[in-house]
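Next come the chains, spelled out residue by residue.
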Amino acid sequence: MSKQITVVDGPHSAILGIGSYRPSRVVDNAEMCTMIDSSDEWIRQRTGIIERRWATDDETLMVMALGAARKALDHAGLQGSDLDAVIVSTVSHLTQFPAIAPQIATELGATDAAAYDILAACAGFCYGLAQADGLIRNGSATRVLVIGAEKLSEQLDKTDRTTAFLFGDGAGAAVVGPSDEPGIGPVVWGSDGAAKDVIRLTRHWDEPGDEPPYIHMDGQPVFRWASTTVAKKTLEMLARAGLTVDDLDVFIPHQANDRIIDAMIRTLKMPEHVTVARDISHMGNTSAASIPLAIEAMFERGEVKSGQLALIVGFGAGLVYAGQIIRLP
Ligand SMILES: CC(C)(COP(=O)(O)OP(=O)(O)OC[C@H]1O[C@@H](n2cnc3c(N)ncnc32)[C@H](O)[C@@H]1OP(=O)(O)O)[C@@H](O)C(=O)NCCC(=O)NCCS
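Because the structure is predicted, anything quoted here is derived from the model rather than measured. (Residues numbered from 1 in each chain as written. Predicted model: local features only at pLDDT ≥ 70, side-chain atom pairs only at ≥ 80, totals over all residues. Heavy atoms only, no water.)

A. Structural view of the side chain of Ser92. When you line up the elements, Ser92 lands in the loop between β4 (85-89) and α4 (101-108). Within polar-contact distance, the side chain of Ser92 engages the side chain of Glu150 at 2.5 Å. For Ser92, the residues in contact, after removing those within four places along its chain, are Leu61, Ala149, Glu150, Lys151, Leu152 and Gln155. (Helix = DSSP H or I, 4+ residues; strand = E, 2+ residues; numbered from the N terminus. Polar contact = N/O pair within 3.5 Å; in protein donor to acceptor, adjacent residues only side chain to side chain. Contact = heavy atoms within 4.5 Å.)

Right, here's the structure in full:
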């Protein structure tokens, strides 16, 4: 037999630092209703959204991603040069290639870091975290930056009352590194490509049209899938990590709709002591950025503490979902 390949097991991994970028422009429901036929009351009751942020022209995807990344590196006490991989999850990098991750790595001084984009929509942060954990545990990387960044306002038909009020812009980032104890649990993830049309762009970029392609969504099937199929998967995320819902301190689901969060809480029979993220009220749905944005907001409001156990779960266009247990940095 020929010689065997050497594989060196790496350490456990954990999130070492978290950061976010919130665009400066706040669009409240009153302003929203100048664009679509709706009301503040309807939007609040059906989604929990009070306002969202839409980035200005100067707040590019790169500006937002770098803002979040630098805060996460500061929080971890590290510099860009300490990174050996940069993973960016986004559906908003409208240049198909080259990926935005290498440019972000270079701006951060992460010279020669592995850098690539992933497209897993609103599950993207959890997908990226699973990859970072795997890279560290199999010895392929030591410190990995995971960014979720979105400028969805560029892909919205602002007169479409089925989507315009739901989506917002922002970025969140996490630095993942070695740890003595497991800080990231096994991922539970999956997909259903048969439902590809329920959240999609209105047309291909190279198809003729006066307007750019916009986000189209059939809200009800997405709502049902998230509230039933994905909600049940959250139980597997706990079981795979050897935990029960009573062990949890924090629940941070993708911020898509307050009523989906409520359905998940019912499925999990979530105990009262668990703090639940409700960042949707001020940010809307920011896709891959929503979970790290929500984590940082909870830290800023003093709702969570370092070392607590959190269940995170993302779900969205594809359809795709992913989630795992994390220990907060
Ligand atoms: C989009 C969503 C908020 C719509 O809520 P809903 O309760 O399903 O609303 P429906 O589409 O059934 O419409 C109910 C009524 O409100 C009306 N309506 C729809 N959009 C409206 C709006 N923006 N303002 C006011 N009324 C609206 C409809 O016309 C309908 O009126 P009718 O009963 O007279 O026919 C909801 O389906 C949702 O959140 N889906 C999941 C979205 C999601 O998670 N997406 C991202 C995953 S990443």
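Next, the rest of the story.
B. Region of the structure containing the environment of Leu238. By the element assignment, Leu238 lies in helix α6 (residues 219-240). On the basis of relative accessibility, which here comes to 3%, the residue Leu238 falls in the buried class. C-alpha separation for the pair Leu238 and Gly323, spaced 85 residues apart in sequence, amounts to 9.5 Å. Setting aside residues up to four positions removed in sequence, Leu238 forms contacts with Leu243, Thr244, Val245, Leu248, Leu268 and Ile325. (Buried < 20%, exposed > 50% of the residue type's maximum accessible area, 1.4 Å probe, protein only.)

C. How the structure looks around the site of the ligand. Surveying the vicinity of the ligand reveals 23 residues, the closest of which are Ser38, Arg46, Arg161, Gln220 and Asn257. Between Arg161 and the ligand, the recorded distance is 2.9 Å, taken from a backbone N or O atom to a nitrogen atom. Between the ligand and the protein, one listed contact pairs an oxygen atom with a side-chain N or O atom of Gln220 at 2.4 Å. Calculation on the ligand without its partners gives an accessible area of 960 Å², and the protein chains cover 72% of this total. Of all elements in the fold, only α2 (40-47), α6, α7 (258-268) and β13 (309-316) reach the threshold of two or more residues within the shell around the ligand. Per element, the largest residue contribution to the shell around the ligand is four residues, and it comes from α6. (Near = heavy atom within 4 Å. Areas by Shrake-Rupley, 256 points an atom, 1.4 Å probe, with all protein chains shown as cover.)

D. Up close: the pattern of salt bridges. In this structure the tally under the stated criterion is twelve salt bridges. For Arg25, the salt bridge goes to Glu31, with nearest N and O atoms at 2.2 Å. For Arg25, a relative accessible area of 33% corresponds to the partly exposed category. A salt bridge links Lys233 to Glu236; its shortest N-O distance comes to 3.4 Å. (Salt bridge = Lys/Arg side-chain N within 4 Å of Asp/Glu carboxyl O.)

E. Region of the structure containing the nonpolar core. With 45 residues, the main nonpolar core has Met32, Leu248, Phe251, Met264, Met270 and Phe315 as its most contacted residues. Within the residue set of this core, elements represented by two or more residues are β10 (215-217), α6, α7, β13 and β14 (320-327). At seven residues, α6 tops the list of elements feeding residues into this core. Split by domain, the residues of this core number at least three in each of domain 1 (12-179) and domain 2 (188-327). Excluding its chain neighbours within four sequence positions, the residues that come into contact with Phe315 are Cys122, Ala123, Trp225, Ala226, Val230, His254, Ala256, Ile260, Met264, Val320 and Tyr321. (Core = buried A, V, L, I, M, F, W, Y, C linked by side-chain atoms within 4.5 Å. Domains from an automatic or database assignment.)

F. Up close: the packing of α6 against α7. In the contact formed by α6 and α7, the axes pass within 9 Å of each other and the chain directions differ by 40°. The angle between the axes of α6 and α7 places the two elements in the oblique class. Where α6 crosses over α7, the two elements pack in a sense that is right-handed. Contact residues: α6 offers Phe223, Ala226, Ser227, Val230, Ala231, Lys232, Thr234, Leu235 and Leu238, while α7 offers Arg259, Ile260, Ala263, Met264, Thr267 and Leu268. Among the residues making up the contact of α6 with α7, the classes are represented as ten nonpolar, three polar and two charged. (Axes fitted to C-alpha atoms, helices over the stretch in contact; angles between N-to-C directions. Parallel < 35°, antiparallel > 145°, perpendicular 65-115°, else oblique. Left-handed = near helix turned anticlockwise from the far one by under 90°. Nonpolar A, V, L, I, M, F, W, Y, C, P; charged D, E, K, R; others polar.)

G. Main features of unusual backbone geometry. In the segment running from Phe97 into Pro98, the intervening peptide bond is cis, with an omega of 5°. Mapped onto the elements, Pro98 comes out in the loop between β4 and α4. Going from Gly318 to Leu319, the amide bond is cis rather than trans, its omega being -10°. Along the chain, Leu319 turns up in the loop between β13 and β14. Located in the positive-phi region is Asp112, a residue other than glycine, with phi close to 65°. As for its placement among the helices and strands, Asp112 is situated in the loop between α4 and β5 (114-118). Looking at Asp112, the relative accessible area reads 79%, which means it is exposed.

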